[in-house]
Amino acid sequence: MHDDELLTVPDVMERLKLGRSTVYDLIRSRRLPSITIGRCRRIPARAVRAYITHELEAAA
């Protein structure tokens, strides 16, 4: 996974093992940054890594 890679919602669902509505909830709550290109939602790979890091630190 490269820092500049843009992931789709299904990509994020697979990587985080979460459902579609949970991923959209994370996006809506701004806990997972995303961009919209046309009608397509994309999540930077670095944002997914940052989310995982933040959650791990919060759980420690």
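Preceding this paragraph is the structure being described.
Residues numbered from 1 in each chain as written. Predicted model: local features only at pLDDT ≥ 70, side-chain atom pairs only at ≥ 80, totals over all residues. Heavy atoms only, no water.

Peer 1: Break down the nonpolar core for me, with residues and values.
Peer 2: Within the largest apolar cluster, 13 residues are counted, with the highest numbers of intra-cluster contacts made by Val12, Val23, Ile27, Leu32, Ile43 and Val48. Of all the secondary structure elements, the ones that give two or more residues to this core are helix 1 (9–16), helix 2 (20–28) and helix 3 (45–59). When residues of this core are assigned to their parent elements, the largest contribution, 4 residues, is made by helix 3. Residue contacts for Val12: discarding those within four places in its chain leaves Leu7, Lys17, Val23, Leu32, Ile43 and Val48. (Core = buried A, V, L, I, M, F, W, Y, C linked by side-chain atoms within 4.5 Å. Buried < 20%, exposed > 50% of the residue type's maximum accessible area, 1.4 Å probe, protein only. Helix = DSSP H or I, 4+ residues; strand = E, 2+ residues; numbered from the N terminus. Contact = heavy atoms within 4.5 Å.)

Peer 1: So what about helix 2? Which residues, and what values?
Peer 2: Along helix 2, the residues classified as buried are Val23, Leu26 and Ile27. Along the long axis of helix 2, the arc covered by the buried residues comes to 100 degrees, so they all point the same way. Those residues of helix 2 that are exposed and aimed more than 90 degrees away from the buried face are Ser21 and Arg28. Elements that come into contact with the buried residues of helix 2 comprise helix 1, strand 3 (40–44) and helix 3. In the segment just after helix 2, Arg30 is the residue with positive phi, at about 65 degrees. (Arc of directions from axis to C-beta.)

Peer 1: Account for the packing of helix 1 against helix 2, with residues named and values stated.
Peer 2: For any two helices packed against each other, the geometry is given by the interaxial angle and the distance between the axes. Remark: helix 1 packs on helix 2, axes separated minimally by 9 Å, with the N-to-C direction vectors making an angle of 105 degrees. Here helix 1 is positioned roughly perpendicular relative to helix 2, judged by the angle of their axes. Two secondary-structure elements touch here, helix 1 through Val9, Pro10, Val12 and Met13 and helix 2 through Arg20, Val23, Tyr24 and Ile27. Per-class residue counts for the contact of helix 1 with helix 2 are 7 nonpolar, no polar and 1 charged. (Axes fitted to C-alpha atoms, helices over the stretch in contact; angles between N-to-C directions. Parallel < 35°, antiparallel > 145°, perpendicular 65-115°, else oblique. Nonpolar A, V, L, I, M, F, W, Y, C, P; charged D, E, K, R; others polar.)

Peer 1: A description of the pattern of salt bridges should follow, citing residues and the corresponding values.
Peer 2: Any two side chains of opposite charge can pair, so long as their charged atoms come close to each other. Applying the stated criterion to the full structure yields 3 salt bridges. In this structure, Arg15 and Glu5 form a salt bridge, with 3.9 Å as the shortest nitrogen-oxygen distance. Separated by 10 residues along the polypeptide, Arg15 in helix 1 and Glu5 in the segment before strand 1 (6–7) bring together distant segments of the chain. The class of Arg15 is partly exposed, set by a relative accessible area of 39%. Look at Glu5 and you get partly exposed, because its relative accessible area is 27%. Between Arg28 and Asp25 there is a salt bridge, and its shortest N-O distance comes to 2.7 Å. In this pair, Arg28 and Asp25 both sit in helix 2, 3 residues apart, roughly one turn of the helix. (Salt bridge = Lys/Arg side-chain N within 4 Å of Asp/Glu carboxyl O.)

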